[in-house]
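Coordinate analysis (summary)
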Amino acid sequence: MVIIFMKNIAIIVPSLKGGGAERVVSLLSQELSKKYNLYLIVFDSEEMSFEYGGKLIDIDIKSHSNIFMKTYNVFKRAYRVRKIKKKYKIQSSISFLGSANIVNILSKVNEKTIVSIHSNLATEKKIILGSMNKLIYNKSDKVIGVSKGIINNLINNYKLSDEKVGYIYNPVNLSNIEQISREEVYCNNVFNQNDFTIVNMGRLTNAKGQWHLIRALSHVKREIRNIKLLILGQGELEDYLRDLVKKVGLNNNVVFLGYQKNPFKYIRKSDLFVFSSLYEGFGNVLIEAMACGTPIISTDCRSGPREILAPGTDIEYETVNIEYCKYGVLVPVCDGIYYDYNAPLTREEKLLAESIIKLYKDKRLRKHYSDKGKERVKDFDINKITREWEKLFK
């Protein structure tokens with residue numbers, strides 16, 4: 001009789017409260033737990049938004065706003081995680097998000113430490129984490145970015161060697177999205193057969209730039225009276241965005257839907273997905289929109305959208321005009337300035353509005369991008385991406 005010993009793998013993440021990285025952990029843990037003894041280590045297990053695979057271990061050290069407590073928590077978490085690695089004889093540990101990455105490296109025993117970077121570190125403004133990143137990331141065995149753009153940033157700004165870094169795109173569970181995206185939407189004020197509906201999903205934060213989309217929509221409405229925008233997500237800018245909607249006269253055109261456990265049923269039923277981010281690490285929602293068959297307009301922000309919608313082009317190039325790419329439309333990134341509601345639209349906002357109007361008028365082009373998106377999203381299927389991660393355990 002042949003006895004097969006399964007490797008012991010740990011995934012470390014601050015929590016599963018919600019977000020792109022957390023969704024990746026959810027998918028990856030469920031797949032890896034089929035082949036490995038998987039231990040999912042979290043710092044805080046309250047408000048779990050996603051399902052997971054493997055054995056959950058909550059070290060119960062919640063985040064803190066005080067800078068000194070933040071620093072103390074890093075070492076306290078590292079101490080507890082190190083004990084867990086020893087107890088379960090962890091052979092490979094993968095961490096997601098900045099604080100977990102630092103803990104993973106500081107708690108290293110004899111295992112292979114792999115850290116996953118989901119944003120361009122140059123954009124991080126957290127003082128403690130930002131200063132520690134450059135000092136310790138070279139101590140890891142492998143640094144995995146979620147896009148080529150992030151890897152370029154790591155090599156150029158953090159002096160990591162080519163051998164140490166690599167990239168693995170974020171996954172989607174295509175069969176699951178196909179199934180749940182067909183659920184009914186029962187809210188009466190969301191979809192109307194006479195409306196042209198566009199959707200945006202993401203936290204209501206500065207990085208996502210939704211106020212530029214709202215301002216652009218005020219221009220779009222002059223040509224498309226039946227335009228409707230659905231905004232999925234929560235965040236600190238919600239009051240500001242709601243006030244802006246009111247001031248530009250779009251109360252009947254914009255619907256705030258908050259956090260949705262199943263956002264895909266809204267995306268699938270929308271005519272267009274519009275991504276307004278100022279910067280990203282990858283942009284999970286773009287491949288999720290593709291999986292729903294919804295055509296995409298995205299800002300050409302750093303990084304991710306160009307790699308997804310225009311593979312094979314120069315990832316360092318940033319468009320200054322509307323670019324009709326192989327798998328979707330790229331538009332220039334807006335400037336991120338919070339203009340008064342009555343300030344004239346910027347050039348970038350006008351181009352965003354123009355691209356929406358173009359796809360509204362050209363039904364054939366929308367169908368083309370819907371079909372091409374379904375083709376492209378196969379490159380990000382969870383089964384394919386899981387195999388990429390498994391190569392790192394050898």
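This write-up is about the structure you can find in this document. (Residues numbered from 1 in each chain as written. Predicted model: local features only at pLDDT ≥ 70, side-chain atom pairs only at ≥ 80, totals over all residues. Heavy atoms only, no water.)

1. Quick look at the overall build of the chain
When its secondary structure is counted, the chain shows 14 helices and 14 strands. Based on the C-alpha atoms only, the size of the chain along its principal axes is roughly 65 × 50 × 40 Å. Evaluated residue by residue, the chain yields a buried proportion of 58% over its 394 residues. A sequence separation of at least 24 residues applies to 68% of the contacts in the chain between residues at least 6 apart. Of the roughly 18,100 Å² of accessible surface on the chain, a fraction of 49% belongs to carbon and sulfur atoms. (Helix = DSSP H or I, 4+ residues; strand = E, 2+ residues; numbered from the N terminus. Buried < 20%, exposed > 50% of the residue type's maximum accessible area, 1.4 Å probe, protein only. Contact = heavy atoms within 4.5 Å. Areas by Shrake-Rupley, 256 points an atom, 1.4 Å probe, with all protein chains shown as cover.)

2. Topic: the sheet that holds strand β4 (residues 92-96)
Spatially, seven strands are ordered β3-β2-β1-β4-β5-β6-β7 in an open sheet, and the strand pairing comes out parallel. Looking at strand neighbours, the two that pair on one side only are β3 (55-58) and β7 (165-167), the edges of this open sheet. With direction set aside, neighbouring strand axes in the sheet form an average angle of 25°. With four bridges connecting them, strand β2 (residues 37-42) and β3 associate as parallel partners. Opposite Tyr39, over in β3, you have Lys55 as the bridge partner. (Pairing = 2+ DSSP bridges. Axes fitted to C-alpha atoms, helices over the stretch in contact; angles between N-to-C directions.)

3. Quick notes on the nonpolar core
In terms of nonpolar packing, the biggest core is built from 71 residues, with Ile94, Phe96, Ile267, Phe273 and Trp389 touching the most fellow members. Broken down by element, this core gets its largest block of residues, six residues, from helix α10 (residues 284-291). Not counting residues up to four positions away in its chain, the partners in contact with Phe96 are Ile11, Ile12, Val13, Pro14, Val24, Val25, Leu28, Asn101, Ser116, His118 and Trp389. Formed by 39 residues, the second largest nonpolar core is a distinct cluster that contains Phe196, Leu204, Ile227 and Val254. (Core = buried A, V, L, I, M, F, W, Y, C linked by side-chain atoms within 4.5 Å.)

4. Notes on helix α3 (residues 98-106)
By the criterion of burial, α3 is predominantly enclosed, with eight of the nine residues buried. Turning to α3, its buried residues number three or more, namely Gly98, Ser99, Ala100, Asn101, Ile102, Val103, Asn104 and Ile105.

5. Thoughts on the sheet that holds strand β9 (residues 227-232)
As summarised here, the arrangement of the seven strands in space is β10-β9-β8-β11-β12-β14-β13, forming an open sheet in which the pairing is mixed. Among the strands making up the open sheet, the edge pair consists of β10 (254-258) and β13 (323-324). Where strand β8 (residues 196-201) and strand β11 (residues 272-275) come together, two bridges link them in parallel fashion. Each bridged residue has a counterpart across the sheet, and for Val199 the counterpart in β11 is Phe273.

6. Some details on the packing of helix α1 (residues 20-32) against helix α14 (residues 382-390)
Relative to each other, α1 and α14 sit at 75°, their axes nearing to 10 Å. Relative to α14, the element α1 lies roughly perpendicular. Along its contact with α1, which presents Leu27, Leu28, Glu31 and Leu32, the element α14 presents Ile382, Asn383, Thr386, Trp389 and Glu390. Residues that form the contact of α1 with α14 fall into these classes: five nonpolar, two polar and two charged. (Parallel < 35°, antiparallel > 145°, perpendicular 65-115°, else oblique. Nonpolar A, V, L, I, M, F, W, Y, C, P; charged D, E, K, R; others polar.)

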